[in-house]
There are 2 protein chains.
Amino acid sequence: MKQLEDKIRDEGQALSEHVLKVDAFLNHQVDPVLMQAIGREFADRFRDAGIDRIVTLESSGIAPAMMTALEMNIPFVFARKRKSLTLQDDLVEADVYSFTKQETNRISLSRRFVQPGERVLVIDDFLANGEAALGLTQLVESAGAVVAGVGIVIEKSFQPGRDKLLERGYQVESLARIAKLEAGEISFVEVVR
Amino acid sequence: MKQLEDKIRDEGQALSEHVLKVDAFLNHQVDPVLMQAIGREFADRFRDAGIDRIVTLESSGIAPAMMTALEMNIPFVFARKRKSLTLQDDLVEADVYSFTKQETNRISLSRRFVQPGERVLVIDDFLANGEAALGLTQLVESAGAVVAGVGIVIEKSFQPGRDKLLERGYQVESLARIAKLEAGEISFVEVVR
């Protein structure tokens, strides 16, 4: 998605070979017009996948999931990293290890909002080692629903997350694919669509 | 806002005199069409307030802030409850006490995304004791910006948050105002607009 790649080039910062800072438009400040375009792009790519519902993870998945859900006219649910006072019953849970934070979070979702047999689109802001995306697919499948696709805003293609998802047979659509990060330099995977 | 009150009546659950469960459309599953209407309503109510930017708090503030920002064609920023790997420099911070969780969270925002003199609309999903909303106004003012209004999706009007905000001179717009909760029963404040 050219508009997103341009934004990453203009406002993203490669802090190291592994860390891309995009807090200017994705995970702290959010550009709503870009996010609307992201929602339209996901809706377009999964138009024929028969999606009933979107599942994402708080917090940075919420804005892209919101715009995709609006475009597809279906509800979305955001999995929680911490249990809330009013979210305690009848949960599906998965453990997600964060390599960057070196800690495990238990993520959870209420069964009330993912029905058996539904076709679910999983959306997240970043794909690196695949831990979060795999945790989300695990929640969906534990609830008896079907993962009908995985939509990622920014994929770090030099890390193994994409391959892990493809090995499990999921359709993976990443709107920007980073081939390489070097301090101050960002290269994209050339994609012929 | 009648559409929101109807939704709360139909799908909200009063779990006790203090706890309203709205995870069917606001803070776990999200109804994107309702959220778009919420964004339009906030945009309408603050149309003449000269807003430059929206500030909200992760996670449940993100969807309403997203839709309001899109409608007003301005960026939004979500304050973090935990520091991220890429959000560590040049922060403004505030401590927010949660009565329900009985713990204090330090919330933070990068100064890069709230400029001195800007007029900021603070948005949050719930207003009860006012701790979160006051913490957000503190972040905005610590950054040298002006709180030009506070927009709340659901206000528990029997708790002191609204009065604390009004005492500080802020324009407070709550789209649904709960007068009273009893197990199984939800009453609204009658508002003549």
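My aim in this report is to walk through the structure given alongside it, one point at a time. (Residues numbered from 1 in each chain as written. Chains lettered and ligands numbered in written order. Predicted model: local features only at pLDDT ≥ 70, side-chain atom pairs only at ≥ 80, totals over all residues. Heavy atoms only, no water.)

### Focus: the environment of A:Ile62
For clarity, the cut-off: In this text, helices come from DSSP runs of H or I with a minimum length of four residues, and strands from runs of E with a minimum of two, each type numbered from the N-terminal end. Type-normalised accessible area, obtained with a 1.4 Å probe on protein chains alone, sets the label of each residue: buried when under 20%, exposed when over 50%, and partly exposed for intermediate values. Any two residues having at least one pair of non-hydrogen atoms within 4.5 Å are treated as being in contact.
For A:Ile62, the location among the structural elements is in helix H3 (residues 62-72). Under the relative-accessibility criterion, A:Ile62 is labelled buried at 0%. Sequence-wise, A:Ile62 and A:Val77 are 15 residues apart; in three dimensions their C-alpha atoms are separated by 8.7 Å. Setting aside anything within four residues of it in sequence, one finds A:Ile62 in contact with A:Thr56, A:Leu57, A:Phe76, A:Phe78, B:Ser59, B:Ile62 and B:Ala63.

### Quick look at helix H1 (residues 2-11) of chain B
Because each turn of an α-helix spans 3.6 residues, side chains separated by three or four positions end up pointing in the same direction. Residue and element names in this part refer to chain B. Put simply, the rule is: When we speak of the arc, we mean the arc of directions from the helix axis to the C-beta atoms.
Those residues of H1 that fall on the buried side of the exposure criterion are Leu4, Glu5, Lys7 and Ile8. Viewed end-on, H1 has its buried residues packed into an arc of 160°, placing them on one side of the element. More than 90 degrees from the buried face of H1, the exposed residues found are Lys2 and Asp10. Contacts from the buried residues of H1 go to strand E2 (20-21), helix H2 (32-45), strand E9 (146-156), strand E10 (172-182) and strand E11 (185-188).

### A word on the sheet that holds strand E11 (residues 185-188) of chain A
The cut-off we apply is this: Following DSSP output, two strands are said to pair if at least two bridges run between them. Here an axis means a line fitted to C-alpha atoms, over the contact stretch when the element is a helix, while the angle between two N-to-C directions is reported on a 0 to 180 degree scale.
Pairing in this open sheet of seven strands is mixed, and the strands run E11(A)-E10(A)-E9(A)-E8(A)-E4(A)-E5(A)-E3(B) from one edge to the other. Each edge of the sheet is formed by a strand with only one pairing partner; in this case those strands are E11 of chain A together with strand E3 (29-30) of chain B. Where strand E8 (residues 119-127) of chain A and strand E9 (residues 146-156) of chain A come together, eight bridges link them in parallel fashion. Bridge assignment links A:Arg119 to a residue of E9(A), and that residue is A:Val146. Running over the sheet, helix H1 (residues 2-11) of chain A touches E9, strand E10 (172-182) and E11 of chain A and is turned about 25° from E10(A). Its contacts with the sheet put helix H2 (residues 32-45) of chain A on E8, E9 and E10 of chain A, and the angle it makes with E10(A) is roughly 120°.

### Topic: the pattern of salt bridges
Residues and elements named next belong to chain A. Quick note on the threshold: Within this document, salt bridges are pairs made up of a side-chain nitrogen of Lys or Arg and a carboxyl oxygen of Asp or Glu, the two lying within 4 Å of each other.
Using the criterion set out here, one finds 36 salt bridges over all chains in the structure. We note a salt bridge from Asp6 to Lys2, for which the minimum N-O separation is 2.7 Å. With Asp6 and Lys2 both in helix H1, this residue pair falls four residues apart, about one helical turn. For Asp6, a relative accessible area of 25% puts it in the partly exposed group. The shortest N-O distance in the salt bridge between Glu71 and Arg40 comes to 3.5 Å. In this pair, Glu71 is assigned in helix H3 and Arg40 in helix H2, connecting sequence segments 31 residues apart. One connected set of salt bridges, linked through shared partners, spans Lys2, Asp6 and Arg9.

### Observations concerning the interface of chain A and chain B
So the rule is basically this: Values labelled buried area give the accessible surface lost by two parts on being combined, using a 1.4 Å probe and summing over both. Think of a polar contact as two N or O atoms within 3.5 Å of one another; within protein, one of them needs to be a possible hydrogen donor and the other a possible acceptor, and neighboring residues in sequence only count if both atoms come from side chains.
Listed by partner, the interface residues are 48 residues for chain A and 48 residues for chain B. For the pair chain A and chain B, the two sides together bury roughly 3800 Å², of which 59% comes from carbon and sulfur. For the pair chain A and chain B, the interface holds two salt bridges. A salt bridge links B:Asp23 to A:Arg112; the shortest N-O distance between them is 2.5 Å. Taken together, chain A and chain B are joined by 17 residue pairs in polar contact (both at pLDDT 80 or more). Within the residue set of the side of chain A that touches chain B, elements represented by two or more residues are strand E2 (20-21), strand E3 (29-30), H2, H3, strand E5 (76-79) and strand E7 (103-110) of chain A. No other element matches the six residues that H3(A) contributes to the side of chain A that touches chain B.

### A short note on the nonpolar core
Our working rule: The nonpolar core is taken to be a set of buried Ala, Val, Leu, Ile, Met, Phe, Trp, Tyr and Cys residues, with the residues joined through side-chain atoms within 4.5 Å.
Formed by 140 residues in total, the largest nonpolar core has its most connected members in A:Leu4, A:Ile8, A:Met66, B:Leu4, B:Ile8 and B:Met66. The contacts of B:Ile8, once residues within four sequence positions are left out, are B:Leu20, B:Phe25, B:Ile154, B:Ala176, B:Ile178, B:Ile186 and B:Phe188.

### A short note on the packing of H2(A) against H3(A)
Residues and elements named next belong to chain A. Spelled out, the test is: Roughly parallel here means an angle under 35 degrees, roughly antiparallel means over 145, roughly perpendicular means 65 to 115, and every remaining angle is called oblique. The handedness criterion is simple: a crossing whose near helix is rotated anticlockwise from the far helix by less than a right angle is left-handed, and one whose near helix is rotated clockwise is right-handed. Classification used: nonpolar for Ala, Val, Leu, Ile, Met, Phe, Trp, Tyr, Cys and Pro, charged for Asp, Glu, Lys and Arg, polar for all others including Gly.
Where H2 contacts H3, the two axes come as close as 8 Å, and the packing angle between them is 55°. One element, H2, and the other, H3, form an angle in the oblique class. Between H2 and H3 lies a crossing whose hand is right-handed. In this structure, H2 contributes Met35, Gln36, Ile38, Gly39, Arg40, Phe42 and Ala43 to the contact, and H3 contributes Ala63, Pro64, Met67, Thr68, Glu71 and Met72. When grouped by side-chain class, the residues that make up the contact of H2 with H3 number eight nonpolar, three polar and two charged.

By themselves, these figures tell us nothing about what the structure is for.
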